Amino acid sequence: MIIGLTGGIASGKSTVSAMFRELGAYVVDADIWARRVVSPGSSGWKEIVDFFGREILTEDGELNRPKLAELIFHHPDYRHRLNAITHPKIRIGMKEETEDYLKQYPGQPVIWDVPLLFEGDTHQLVDETFLVYVPYDIQLERLMKRNQLSEEEAKARIASQMPLDSKRKLADYLIDNSLTLEHTREQVQSIWRTIQQNACQE
Ligand SMILES: Nc1ncnc2c1ncn2[C@@H]1O[C@H](COP(=O)(O)OP(=O)(O)OP(=O)(O)O)[C@@H](O)[C@H]1O
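Predicted model, so just to flag it, every value in this text is computed and none were measured. Throughout, residues of each chain are indexed from 1 in the direction in which the sequence is written. Note on the predicted model: pLDDT of at least 70 is required for a residue's local features to be given, and 80 or more for side-chain atom pairs to be given and counted; whole-chain, interface and lining totals, by contrast, use all residues. As a rule here, side-chain values cover all heavy atoms of the structure and leave hydrogens and water aside.

Novice: Describe in detail the packing of aromatic side chains, supporting the description with residues and values.
Specialist: Each aromatic ring pair is specified by the distance between its two centres and by the angle formed by the two planes. Stacked, tilted and edge-to-face are the three classes applied to pairs of Phe, Tyr and Trp rings, where Trp contributes its six-membered ring and a pair requires centres within 6.5 Å; stacked means planes under 30 degrees apart, edge-to-face means over 60, and tilted covers the rest. Under the defined criterion, the tally for this structure stands at 7 aromatic pairs. On the numbers, 6.3 Å between centres and 75° between planes, the contact of Phe20 with Trp192 is edge-to-face. With Phe20 in helix α1 (residues 13–22) and Trp192 in helix α9 (residues 181–201), the pair connects residues that are 172 residues apart, well separated along the chain. Only protein chains enter the accessibility calculation, which uses a 1.4 Å probe; a residue is then buried when its area is under 20% of its type maximum, exposed when over 50%, and partly exposed in between. Residue classification places Phe20 among the buried positions, given a relative accessible area of 0%. Residue class for Trp192 comes out buried when judged on its relative accessible area of 6%. Residues Phe51 and Phe52 carry aromatic rings whose centres are separated by 4.9 Å and whose planes lie at 80° to one another, so their mutual orientation is edge-to-face. Runs of E in the DSSP output that reach at least two residues are strands. Runs of H or I that reach at least four are helices, and both are numbered from the N terminus.

Structure below.
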């Protein structure tokens, strides 16, 4: 059983992911793989340098992420190219990590922590999807506070993503993170118990 865990900017996905880990869940983190597949010298890094040129690198050979972000913001074609290079590699890495874990712990549930679960096709690779949900006003308030942003800046960042209310329609289960952390933890504990019971019965 692979569970896809997602959210929107500042909705609390990392908070919930950490709660699952505390309960003993094995979490495969898409952000870690996104960095790994472009590490200097990797095949992803080489393909990116071939396409964008060495100007896209910092002095120590790492990808210059702010420069890359700026480029793909202005050129949607470049974004597609970058995604075409990285996404398949991220998926392969996540699948391999999952298989390695399941070899050691057959039948155990695995959580895939994926920020853009519904924006791409990764949701098709998981058995169930969980969305960490908060209403817009709370998302805005938490984002402003966490990233020290003005209301306008925070609104622009939220607007650049698929709205949580649209993701809500696609998800199998919602984890409501609008109240206290304790309230969220209770939901995570209850979901984890159910997942484990189902895993034992299979
Ligand atoms: N239930 C809660 N009550 C109050 N604050 C919370 C709660 N859950 C999360 N936060 C705070 O809200 C902010 C966003 O949470 P978190 O970083 O977990 O979100 P995220 O979805 O992983 O964000 P991103 O994807 O943008 O990195 C953090 O500052 C976190 O401490």
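Novice: So what about the UniProt feature "binding site: ATP" (unreviewed entry) in the protein? Which residues, and what values?
Specialist: Feature annotation in UniProt assigns "binding site: ATP" (unreviewed entry) to the following positions: Ala10, Ser11, Gly12, Lys13, Ser14 and Thr15. Looking at the element boundaries, Ser11 is found in the loop between β1 (2–6) and α1. The class of Ser11 is buried, set by a relative accessible area of 1%. In protein, a polar contact means a hydrogen-donor-capable atom and an acceptor-capable atom, both N or O and within 3.5 Å, with residues adjacent in sequence counting only if both atoms are side-chain atoms; elsewhere, any N or O pair within 3.5 Å suffices. Of the polar contacts made by the side chain of Ser11, one reaches the backbone oxygen of Val132; its length is 3.1 Å. Examined against the element boundaries, Lys13 turns out to sit in helix α1. Any two residues whose heavy atoms approach within 4.5 Å at even a single point are treated as in contact. Dropping the residues within four chain positions of it, Lys13 is found in contact with Leu5, Thr6, Gly7, Asp113, Val114, Pro115 and Val132. UniProt positions are given in the numbering used here, feature names are shortened, and annotations may be inferred rather than shown by experiment.

Novice: So what's going on with the pattern of salt bridges? Residues and values would help.
Specialist: Salt-bridge detection follows one rule: a side-chain nitrogen of Lys or Arg within 4 Å of a carboxyl oxygen of Asp or Glu. Evaluation of the coordinates by the stated rule reveals 9 salt bridges. Across the salt bridge formed by Glu119 and Lys167, the nearest N and O atoms sit 3.0 Å from each other. Here the residue Glu119 occupies a position in the loop between β3 (110–113) and β4 (128–133), and Lys167 occupies one in helix α8 (residues 164–170), the gap between them amounting to 48 residues. Among the charged side chains, a network of salt bridges with common partners joins Glu22, Glu182 and Arg185.

Novice: Explain the nonpolar core residue by residue, including any values.
Specialist: Side chains of a nonpolar character, in soluble globular proteins, are inclined to be buried together. In this structure, Ile48, Ile56, Leu63, Met94 and Trp112 are the most contacted members of the largest nonpolar core, which totals 31 residues. Put simply, the parts of the chain that give this core at least two residues each are α2 (30–36), α3 (43–52), α4 (65–74), α5 (76–104), β3 and β4. Take this core: its biggest share by element is 5 residues, from α5. Throughout, the edges of the domains are those of an automatic or database domain assignment. For this core, the domains that each give at least three residues are domain 1 (1–25 + 109–201) and domain 2 (31–93). By nonpolar core is meant a set of buried Ala, Val, Leu, Ile, Met, Phe, Trp, Tyr and Cys residues that side-chain atoms within 4.5 Å join together. Counting 15 residues, the second-largest nonpolar core is a separate cluster that includes Leu5, Val16, Phe20 and Ile111.

Novice: An account of the sheet that holds β3 is requested, with residue identities and associated values reported.
Specialist: Strand order in the open sheet formed by 5 strands is β2-β3-β1-β4-β5, and the pairing between neighbours is parallel. The open sheet terminates on both sides in strands that have one partner only, identified here as β2 (26–29) and β5 (173–176). Strand-to-strand twist in this sheet, taken as the mean axis angle between neighbours without regard to direction, amounts to 25°. This element, α9, spans β1, β3, β4 and β5 of the sheet and lies at about 150° to β5. Should DSSP find at least two bridges between two strands, the strands are taken to pair. To get an axis, fit a line to the C-alpha atoms, keeping to the stretch in contact for a helix; angles then go from 0 to 180 degrees between the N-to-C directions.

Novice: So what's going on with the side chain of Lys167? Residues and values would help.
Specialist: Using a relative accessible area of 1% as the deciding quantity, one classes Lys167 as buried. A polar contact is formed between the side chain of Lys167 and the side chain of Glu119, at a distance of 3.0 Å. Those residues within four positions of Lys167 in sequence are excluded, and the remaining contacts are Thr6, Gly7, Gly8, Pro115, Phe118, Glu119, Leu131 and Met162.

Novice: Tell me about the site of the ligand, and name the residues and values.
Specialist: The rule for a residue being near a molecule or strand is that one of its heavy atoms must lie within 4 Å of it. Neighbouring the ligand are 14 residues, the closest being Gly12, Lys13, Ser14, Thr15 and Arg146. Here Ala10 contributes a backbone N or O atom positioned 3.0 Å from an oxygen atom of the ligand. Where accessible areas are quoted, they stem from the Shrake-Rupley method and a 1.4 Å probe; at the residue level, only the protein chains shown are allowed to cover. Burial of the ligand by the surrounding chains reaches 70%, relative to a free accessible area of 630 Å². Looking at the shell around the ligand, the elements that each hand over two or more residues are α1 and α6 (136–147). Gly is placed with the polar residues, together with every amino acid not listed as nonpolar (Ala, Val, Leu, Ile, Met, Phe, Trp, Tyr, Cys and Pro) or charged (Asp, Glu, Lys and Arg). Counted by class, the shell around the ligand contains 4 nonpolar, 7 polar and 3 charged residues.

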